[in-house]
Amino acid sequence: MYDWLTDTFSVTKQVSFTPEQIRRIEEALADPARRPLRLTCQTPVTPPAFPLSGEETMAETESFLCEQVGEKRDVTVSLNGSFVDAQLVELLFTSEVVVAVVDRNGLVVTSVTTDASVLEPFVLCYPDGTDLFCRITRILCKIPTGTVILNTPAPRSFNVTITFCVDIQIEAEVKLEVLAKFCAPRNNDLTAEENEMDACPDIVFPAQCPDIFPRPSCDCSVSGEASGHTGSNATEKGRLGVLAEICQNCSLSDSSLQFTFDQEDGGMNNFNFTADSFDQDSLVCEPCEGKGLKFTVSGTGTTDDGEEFDFNFAAVSKHSGTLFQLQLVDERGVTVFESGIVKAEEGTLEVEDCVSFDDIKMK
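Residues numbered from 1 in each chain as written. Predicted model: local features only at pLDDT ≥ 70, side-chain atom pairs only at ≥ 80, totals over all residues. Heavy atoms only, no water.

Undergrad: How should I be thinking about the environment of T302 in this particular structure?
TA: Relative to the assigned elements, T302 resides in strand β14 (residues 292–303). For the pair T302 and N272, spaced 30 residues apart in sequence, the C-alpha separation works out to 8.4 Å. Look past the residues within four positions of T302 in its chain and what remains in contact with it is N272, F273, T274, D276, E307 and E308. Polar contacts involving the side chain of T302 include one to the side chain of D276, which spans 3.4 Å. (Helix = DSSP H or I, 4+ residues; strand = E, 2+ residues; numbered from the N terminus. Contact = heavy atoms within 4.5 Å. Polar contact = N/O pair within 3.5 Å; in protein donor to acceptor, adjacent residues only side chain to side chain.)

This is how it looks when you write it as structure tokens:
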């Protein structure tokens, strides 16, 4: 697999009744035994999320489909502070939706069939030699204006919001080398005459995009909330709080890091700082004294005033307690804030080791 992503997209459609349908609705409203009427929205049944691939789950149906529109285009995008090559494609998601008016007994008064479609661009790792598999895993329908009709005159039109849950995969047939051991290999005791012939071409697989997918894993993670007074070599004296959720599921995706600083003695140098991006190459996990684990990472972020800074963050989790440290560096490379080593007085940060393939593979 060269790339894999999921996403959701919504579109709002206006559905209108014909004069004949309005007549049927108002006739039903005139009968107290059939009031109130309800608007129901029916969407096609989609295949399950698993298996992840296969003709049965990827096949188009008459009621909904996903298809590529036009040719893919090579693009260069910014990712983690560098530029990588990728491909841009446009995908069209289409579905039929049936909106029915139902009386209190569950009988259908009238119904309208409408279609909805969303055209979206995607930046993917989609090199030549790979195939794009696109499918709709779920279709949701909602009538935001309400679903109950109580009195005449009946509404002539209403809005319907259709949401597509999509799954996109880029794949190619490859050969994998799997770690294994032979119990009793045979001797090289077979010979054959060699025939002179042209050498067969080497098998070359399409180049993968490791910067895009799969993303590198983390060696450890840090999570929790803690606060304490800045250390002895801090640039400012005060109380520093941290809220961290970094490398959950051992991936930097969806990581978050926030700081709050309150200066002592009523000073005015208070700030809130939020990390905007993390540098994967800067992430280091290493043991420390006291059977603990030290986590360090760098990146960029902004204060609540909109100022941008580079940051360095470290956290240590051990039996004796939690320690953490923050440095903010401006564009000239000058450290504008140094917390020193902060000992958590409230809360705790948990630094945990991640299990990687190297930890479990057979030696």
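Undergrad: Would you explain unusual backbone geometry in this entry?
TA: For residues other than glycine, phi is negative in most cases, and the peptide bonds are mostly trans. Following R35, the chain continues to P36 via a peptide bond in cis, the omega torsion being -10°. Mapped onto the fold, P36 is located in the loop between α1 (19–29) and β2 (37–42). You will see that N249, though not glycine, has its phi angle at about 60°, which is positive. Position of N249 relative to the elements: it lies in the loop between β10 (238–246) and β11 (256–263). By relative accessible area, which is 79% here, N249 ends up exposed. Residues other than glycine seldom take positive phi values, yet D254 does so here, at roughly 65°. (Buried < 20%, exposed > 50% of the residue type's maximum accessible area, 1.4 Å probe, protein only.)

Undergrad: Could you clarify how one ought to interpret the nonpolar core in this entry?
TA: General note: in soluble globular proteins, nonpolar side chains tend to be found buried as a group. Residues F93 and F164 are the most contacted members of the largest nonpolar core, which totals 48 residues. Sorting the residues of this core by element identifies β1 (3–16), α1, β2, β3 (64–79), β4 (82–102), β5 (108–124), β6 (131–142) and β8 (157–171) as the ones contributing at least two each. Sort the elements by how many residues they give to this core and β4 lands first, with eight residues. The next biggest cluster of nonpolar side chains, apart from the first, holds 33 residues, and it includes A226, A244, F259 and L328. (Core = buried A, V, L, I, M, F, W, Y, C linked by side-chain atoms within 4.5 Å.)

Undergrad: Help me out: how do you make sense of the environment of E225 in this one?
TA: Examined against the element boundaries, E225 turns out to sit in strand β9 (residues 220–229). Here E225 falls in the exposed class, since its relative accessible area comes to 54%. If sequence neighbours within four positions are ignored, E225 has contacts with V242, L243, E346, G347, T348 and L349.

Undergrad: Can you walk me through α1 in this structure?
TA: Three or more residues of α1 are buried, namely Q21, I22, I25, A28 and L29. Each buried residue of α1 sits inside an arc of 125° when the element is viewed along its axis, so together they form one side. In the core, the buried residues of α1 are packed alongside β1, β2, β4, β5 and β7 (148–149). (Arc of directions from axis to C-beta.)

Undergrad: Which parts of the structure should I look at to understand the state of the cysteines?
TA: One way to say it: the disulfide is the covalent bond shared by the sulfur atoms of two cysteines. Inspection of every chain in the model, using the stated rule, returns six disulfides. Between the sulfur of C218 and that of C247 lies a disulfide, 2.1 Å long from S to S. Here the S-S torsion is close to -65°, and the disulfide linking C218 with C247 is therefore left-handed. Linking C218 in the loop between β8 and β9 with C247 in the loop between β10 and β11, this pair joins segments that are 29 residues apart in sequence. In this structure, C218 and C247 share a single accessibility class: buried. In the protein chain, the bonded cysteines, numbered by position in the sequence, are linked as 1-5, 2-4, 3-6, 7-9, 8-11, 10-12. (Disulfide = S-S within 2.5 Å.)

Undergrad: Sorry, what's going on with the sheet that holds β6 here?
TA: Backbone-to-backbone hydrogen bonds pair the strands of a sheet. The strands run either parallel or antiparallel. Taking strand neighbours across the sheet as the criterion, the three strands line up as β1-β8-β6 in an open arrangement whose pairing is antiparallel. Every other strand in the sheet has two partners, leaving β1 and β6 as the edge strands with one partner each. This sheet shows a mean twist of 20° between the axes of neighbouring strands, independent of strand direction. One ladder, built from 11 bridges, connects β6 with β8; its direction is antiparallel. Following the sheet pairing, I136 is matched in β8 by V166. (Pairing = 2+ DSSP bridges. Axes fitted to C-alpha atoms, helices over the stretch in contact; angles between N-to-C directions.)

Undergrad: Where do I start with the pairing of β14 in this structure?
TA: With nine of 12 residues buried, β14 lies mostly within the body of the structure. Relative to β14, strand β12 (residues 271–278) is paired through five bridges, and the arrangement is antiparallel. In the sheet register, S277 faces β14, and the bridge partner there is T300. As paired strands, strand β13 (residues 284–288) and β14 are joined by five bridges and run antiparallel to one another. The residue bridging V284 from the neighbouring strand is T296, located in β14. Bridge analysis of β14 against strand β15 (residues 308–318) gives 10 bridges, and the strand direction is antiparallel. Residue pairing in the sheet places T296 in a bridge with A314 of β15.

Undergrad: Please clarify how the pattern of salt bridges should be interpreted in this entry.
TA: Between side chains of opposite charge, a pair can form when the charged atoms approach closely. Counting across every chain of the model gives 11 salt bridges. With its nearest N and O atoms 2.9 Å apart, the salt bridge here joins R34 to D103. Separated by 69 residues along the polypeptide, R34 in the loop between α1 and β2 and D103 in the loop between β4 and β5 bring together distant segments of the chain. Accessibility expressed as a relative area gives 1% for D103, which makes it buried. One salt bridge connects R239 with E346, and the closest N-O pair in it is separated by 3.9 Å. Residue R239 is found in strand β10, and its partner E346 is found in strand β19 (residues 346–353); the two are separated by 107 residues along the sequence. It is possible to trace a salt-bridge network through shared partners that takes in E20, R23, R24 and E27. (Salt bridge = Lys/Arg side-chain N within 4 Å of Asp/Glu carboxyl O.)

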